Amino acid sequence: MTREIIIAPSILAADFARLGEEIAAIDAAGADWIHCDVMDGHFVPNISFGPDIIKAIRPLTKKVFDVHLMIAPVDPYLDAFAKAGADVITIHAEAGPHLDRSLQAIRALGKKAGVSLCPSTPESTIEYLLDRLDLVLVMTVNPGFGGQSFLESQLEKIGRIRGMIGDRSIRLEVDGGVTRDNAAVVAAAGADTLVAGSALFRGKGSDYAGNIAAIRVAAEAARAPKPQQSSAPPRRAGEAVRLR
Ligand code: DX5
Ligand code: ZN
């Protein structure tokens, strides 16, 4: 099943001094979701923001809030992020001992449940969890900082998870180092949801729409069905080539 490409700008790369304006700008620029990176200085070596900031910015846009929790423990905070206005809550497979229970807790709060895998975590971790999931997030950098380089080693994992998902209604999200230059290979590997921070919050607010469009166009082109050479009727001279 081919699902539409979702572009989720990470506000970690926004200007925090003007966070409200930045969210309005990225919303108007065509963001599908707003990706919120929560870091605790314990699970990851950086601290970002928590539920109070998410609650404060929630009224500024109607877009889906895609909350990526890089915190441990996570269970004591799920309720706070749900109340703050998260729509999707993604937790790390490596952050706690009872992943199945944590995912049930997210759904019990009425939210979509996601699990994120660090680069060193194999896809087999989610083999028995697929029916608990609305989203799988493959980290293509080690979590903790924006602006890192994309890890190509993860492309094979993305492809394998795409196969595991099959026809299930689960989004396959990729996060870390995504740019207009690698969006095509990411989508071709099977991702349908692309997070990008530094590549999108680049330049002025008026540049954001172009930044989003560049990633979207590259990703969608990579997923377009290839023309079938054997069954296609021969093209007559002067006939336009139709792009699908
Ligand atoms: C990394 C975060 C990512 C990251 C994306 O820990 O989860 O969302 O900030 O930023 P870029 O696109 O700059 O890698
Ligand atoms: Zn993230």
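This report concerns the structure included in the present document. (Residues numbered from 1 in each chain as written. Chains lettered and ligands numbered in written order. Predicted model: local features only at pLDDT ≥ 70, side-chain atom pairs only at ≥ 80, totals over all residues. Heavy atoms only, no water.)

1. Quick look at the nonpolar core
By size, the foremost hydrophobic cluster in this structure holds 64 residues, and its most contacted members are Ile-11 and Leu-69. Sorting elements by how many residues they give to this core places helix α7 (residues 208-223) first, with 5 residues. The residues touching Ile-11, leaving out its near neighbours within four places in the chain, are Phe-16, Leu-19, Ile-23, Ile-34, His-35, Cys-36, Phe-49, Ile-57 and Phe-201. In terms of nonpolar packing, the next biggest core, distinct from the first, is built from 9 residues, Ala-8, Trp-33, Val-88 and Leu-137 among them. (Core = buried A, V, L, I, M, F, W, Y, C linked by side-chain atoms within 4.5 Å. Buried < 20%, exposed > 50% of the residue type's maximum accessible area, 1.4 Å probe, protein only. Helix = DSSP H or I, 4+ residues; strand = E, 2+ residues; numbered from the N terminus. Contact = heavy atoms within 4.5 Å.)

2. Thoughts on the coordination of the zinc ion (ligand 2)
The protein atoms that coordinate the zinc ion (ligand 2) are His-35 (NE2), Asp-37 (OD), His-68 (ND1) and Asp-175 (OD), at distances of 2.0 to 2.3 Å. Each of the 6 donor atoms bound to the zinc ion (ligand 2) contributes to angles spanning 66 to 169°, and the resulting shape is octahedral. Mapping the donors of the zinc ion (ligand 2) onto the primary sequence yields the spacing H-x1-D-x30-H-x106-D. An identical accessibility class is assigned to His-35 and Asp-37; each is buried. (Donors = N, O, S within 2.8 Å, 3.2 Å for Na, K, Ca; no water. Tetrahedral: all angles 85-135°; square planar, octahedral: opposite > 155°, others 65-115°.)

3. Looking at the pattern of salt bridges
Per the counting criterion, the structure on display carries 14 salt bridges. The residue Asp-27 makes a salt bridge to Lys-63 at a minimum N-O spacing of 2.7 Å. Of this pair, Asp-27 sits in helix α1 (residues 19-28) while Lys-63 sits in the loop between α2 (51-57) and β3 (64-70), placing them 36 residues apart in sequence. For Lys-63, a relative accessible area of 23% corresponds to the partly exposed category. Close ionic contact of Asp-134 with Arg-107 constitutes a salt bridge, the shortest N to O distance being 3.1 Å. Note that Asp-134 is positioned in the loop between β5 (112-117) and β6 (135-139) and Arg-107 in helix α4 (residues 99-108), a separation of 27 residues in sequence. Judged by relative accessible area, Arg-107 falls into the partly exposed class, the value being 35%. Among the charged side chains, a salt-bridge network with shared partners connects Asp-15, Arg-18, Glu-21 and Glu-22. (Salt bridge = Lys/Arg side-chain N within 4 Å of Asp/Glu carboxyl O.)

4. Focus: the environment of Asp-32
As for its placement among the helices and strands, Asp-32 is situated in the loop between α1 and β2 (33-39). Between the C-alpha atoms of Asp-32 and Ile-7, which are 25 residues apart in sequence, the distance is 5.4 Å. In terms of polar contacts, Asp-32 uses its side chain to reach the backbone amide nitrogen of Ile-7, at 2.7 Å. (Polar contact = N/O pair within 3.5 Å; in protein donor to acceptor, adjacent residues only side chain to side chain.)

5. Quick look at the side chain of Arg-171
Position of Arg-171 among the secondary structure elements: in strand β7 (residues 171-175). Using a relative accessible area of 9% as the deciding quantity, one classes Arg-171 as buried. Polar side-chain contacts of Arg-171 include one of 3.2 Å to the backbone oxygen of Asp-192. Excluding anything up to four places from it in sequence, Arg-171 contacts Arg-3, Glu-4, Ile-6, Trp-33, Asp-134, Leu-135, Val-136, Asp-192 and Thr-193.

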